[in-house]
Amino acid sequence: MTNLKTTIDEFIEEACKSIIEEAAGRPVLCALSGGVDSAVCAMLTHKAIGDKLTCLFVDTGLMRKNEGDQVTALFRDTYNINLIRVDAEERFLAKLKGITDPEQKRMIIGEEFIRVFEETAKSLGEIGCLVQGTIYPDIMESGEDGHKQVKAHHNVGGMPTDIEFEAVIEPLKMLFKEEVRECGRKLGLSEDFSERQPFPGPGLAVRCLGEVTKPKLDILREADAIYREELEKAGLHKEIQQYFAVLPGIRSVGVRNDERCYEEAVILRAITTTDFVTAGSARLPYELLELVAARITAEVPGINRVAFDVTPKPPGTVEWE
Ligand code: XMP
């Protein structure tokens, strides 16, 4: 926090007062992505103005296994926050058809997100304010003053500039990531969300190398879920900042039920880092890797090989695309 004397409790109290003041009785819209920042932003805004807040969750079809259902269940059913879920999987996959270049994928996803957001926001009628989970590092990165400026990050969730909101509220703009997590914990946000590892805005599209298709995403989702489950069961998730599976689009020969098979490979990534600018490959126990490989090849149809990426950043990036 830029003012070190303020505690998180005081921050929450002050932030609620500011949100009430800035919203001035108008309805407020929040784009919920499933990440920590927007989740905490929604919780805080809900504490301040209750039902005047509506959250919008766009299911791009590029989320991890069960992620959309978890977000909906938690925010709508547990926290009683007004939540609109837009199932936009078909739209996103149609736009991504035939696209193999990573940057083009990012642009298409970012643009489509904005279109879906605009259409849904317009269909809601009068929405005075937008609240967004911009945090201090975002402001530093984009060099903005952080007031009325809409977050101009490369991220998906970057908001449309051609919807005229009367006000843009950014209650977390003076917080660093750890403070956002602490704020989430204080607000009662489930640990599953407050301690969440980063997930790229373009989602699994940048972990499914080359063309993105539903069958590819489905097998990647299954493999990734097994990997995460085992790593978390082993209690390693608190020491490893990011871990996920990648579908590189390589097929190789294997043997299944005494017969030759020719199936996809999956690559596992696990990194330790303090800032994500540089990172090391996490030294996972070999037994864990063997267990994950055995489960993935047995349980996910179409995968017969599992490899582990030991490349640090640099020269590798965290993501493969
Ligand atoms: P890289 O791959 O650049 O990743 O070493 C560093 C961190 O940034 C995340 N990342 C993204 N986040 N949109 C995002 O919101 C993106 O397009 C994107 N690309 C990478 C990555 O997951 C890691 O935490």
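As shown above, the structure is provided for reference.
What counts, and at which threshold
Residues numbered from 1 in each chain as written. Predicted model: local features only at pLDDT ≥ 70, side-chain atom pairs only at ≥ 80, totals over all residues. Heavy atoms only, no water. Helix = DSSP H or I, 4+ residues; strand = E, 2+ residues; numbered from the N terminus. Rg over C-alpha atoms; globule rule 2.2 N^0.38 Å. Buried < 20%, exposed > 50% of the residue type's maximum accessible area, 1.4 Å probe, protein only. Contact = heavy atoms within 4.5 Å. Axes fitted to C-alpha atoms, helices over the stretch in contact; angles between N-to-C directions. Parallel < 35°, antiparallel > 145°, perpendicular 65-115°, else oblique. Left-handed = near helix turned anticlockwise from the far one by under 90°. Nonpolar A, V, L, I, M, F, W, Y, C, P; charged D, E, K, R; others polar. Salt bridge = Lys/Arg side-chain N within 4 Å of Asp/Glu carboxyl O. Polar contact = N/O pair within 3.5 Å; in protein donor to acceptor, adjacent residues only side chain to side chain. Pairing = 2+ DSSP bridges.

Chemist: So what about the overall build of the protein chain? Which residues, and what values?
Modeler: Of the regular secondary structure elements, the protein chain holds ten helices and ten strands. On C-alpha atoms alone, the protein chain measures out to a radius of gyration of 21 Å, which is about the 20 Å that the 2.2 N^0.38 rule sets for 321 residues. Taken along the three principal axes of its C-alpha coordinates, the protein chain extends 70 × 40 × 35 Å. Looking at the 321 residues of the protein chain, the share that counts as buried comes to 52%. Here the analysis covers contacts within the protein chain between residues at least 6 apart in sequence; of these, 74% occur between residues at least 24 apart.

Chemist: Quick one: what's the story with the packing of helix α9 (residues 214–233) against helix α10 (residues 286–299), residue by residue and with numbers?
Modeler: Remark: α9 packs on α10, axes separated minimally by 10 Å, with the N-to-C direction vectors making an angle of 150°. One element, α9, and the other, α10, form an angle in the roughly antiparallel class. You can see that α9 and α10 cross each other, and the crossing is right-handed. Contact residues: Ala223, Ile226, Tyr227, Glu229, Glu230 and Leu231 in α9; Leu288, Leu291, Val292, Arg295, Ile296 and Glu299 in α10. Partitioned by chemical class, the residues of the contact of α9 with α10 number eight nonpolar, no polar and four charged.

Chemist: I'd like a rundown of the pattern of salt bridges, residues and numbers included.
Modeler: Under the defined criterion, the tally for this structure stands at 30 salt bridges. The residue Arg196 makes a salt bridge to Glu67 at a minimum N-O spacing of 3.1 Å. One end of the pair, Arg196, is in the loop between α8 (191–194) and α9; the other, Glu67, is in helix α3 (residues 67–78), and 129 residues separate them in sequence. Each member of the pair, Arg196 as well as Glu67, carries the same accessibility label: buried. Several salt bridges share partner residues, and in doing so they unite Glu229, Glu230, Lys233, Arg295 and Glu299 into one network.

Chemist: Can you explain the environment of Pro202? Please cite residues and give values.
Modeler: Within the secondary structure, Pro202 is located in the loop between α8 and α9. Remark: the alpha-carbon pair of Pro202 and Ile109, spanning 93 residues in sequence, is separated by 6.3 Å.

Chemist: I'd like a description of the side chain of Glu321, backed by residues and values.
Modeler: Along the chain, the position of Glu321 falls in the segment after β10 (303–308). You can call Glu321 buried: its relative accessible area is 17%. Here Lys105 takes part through its side chain, which lies 2.8 Å from a polar atom of the side chain of Glu321. Looking at Glu321, its side chain comes within polar contact range of the main-chain nitrogen of Gly210, at 3.2 Å.

Chemist: Could you give an account of the sheet that holds strand β3 (residues 82–87), naming the residues involved and the relevant values?
Modeler: With parallel pairing, five strands are arranged side by side in an open sheet as β3-β2-β1-β4-β5. Both edges of this open sheet fall to β3 and β5 (167–169), since each of them pairs with a single strand only. The sheet shows a mean angle of 25° between the axes of neighbouring strands, direction not considered. Each of β1 (28–32), β2 (53–59) and β4 (129–131) touches helix α2 (residues 36–49); the most contacted strand, β1, lies at about 155° to it. The strands that α3 touches are β1, β2 and β3; relative to β3, the one it contacts most, it runs at about 165°.

Chemist: Give me the lowdown on unusual backbone geometry, citing residues and values where you can.
Modeler: A cis amide bond links Lys313 to the next residue, Pro314, at an omega of -15°. Checked against the element boundaries, Pro314 lands in the segment after β10. Omega for the peptide link from Pro314 to Pro315 comes to 10°, which places this bond in the cis form. Turning to its location among the elements, Pro315 is positioned in the segment after β10. Unlike most non-glycine residues, Phe276 shows phi in positive territory, near 70°. If you trace the backbone, Phe276 turns up in the loop between β8 (259–272) and β9 (280–281).

Chemist: Describe the pairing of β8, with residues and values.
Modeler: For a regular strand, side chains alternate in direction, first toward one face of the sheet and then toward the other. Counting buried positions along β8 gives ten out of 14 residues, so the element sits mostly inside the fold. In this sheet, β8 lies alongside strand β6 (residues 242–246) in antiparallel orientation, the contact comprising five bridges. In the sheet register, Tyr243 faces β8, and the bridge partner there is Ala270. Taken together, the six bridges between strand β7 (residues 251–256) and β8 define a ladder with antiparallel strand orientation. Bridge pairing in β8 links Arg256 to Glu259. Once β7 ends, the chain turns through two residues before running back antiparallel as β8, passing Asn257 with a positive phi of about 50°. Across five bridges, β8 lies against β10 in parallel orientation. Across the sheet, the residue bridging to Ile267 is Ala307, located in β10. Across two bridges, β8 lies against β9 in antiparallel orientation. The residue of β9 that forms the bridge with Thr272 is Gly280.

Chemist: Quick rundown of the environment of Asp218? Include the residues and the values.
Modeler: Along the polypeptide, Asp218 turns up in helix α9. By relative accessible area, which is 29% here, Asp218 ends up partly exposed. For the pair formed by Asp218 and Glu89, sequence separation is 129 residues and the distance between their alpha carbons is 12 Å. At a separation of 3.1 Å, a polar atom in the side chain of Asp218 contacts the side chain of Arg221.

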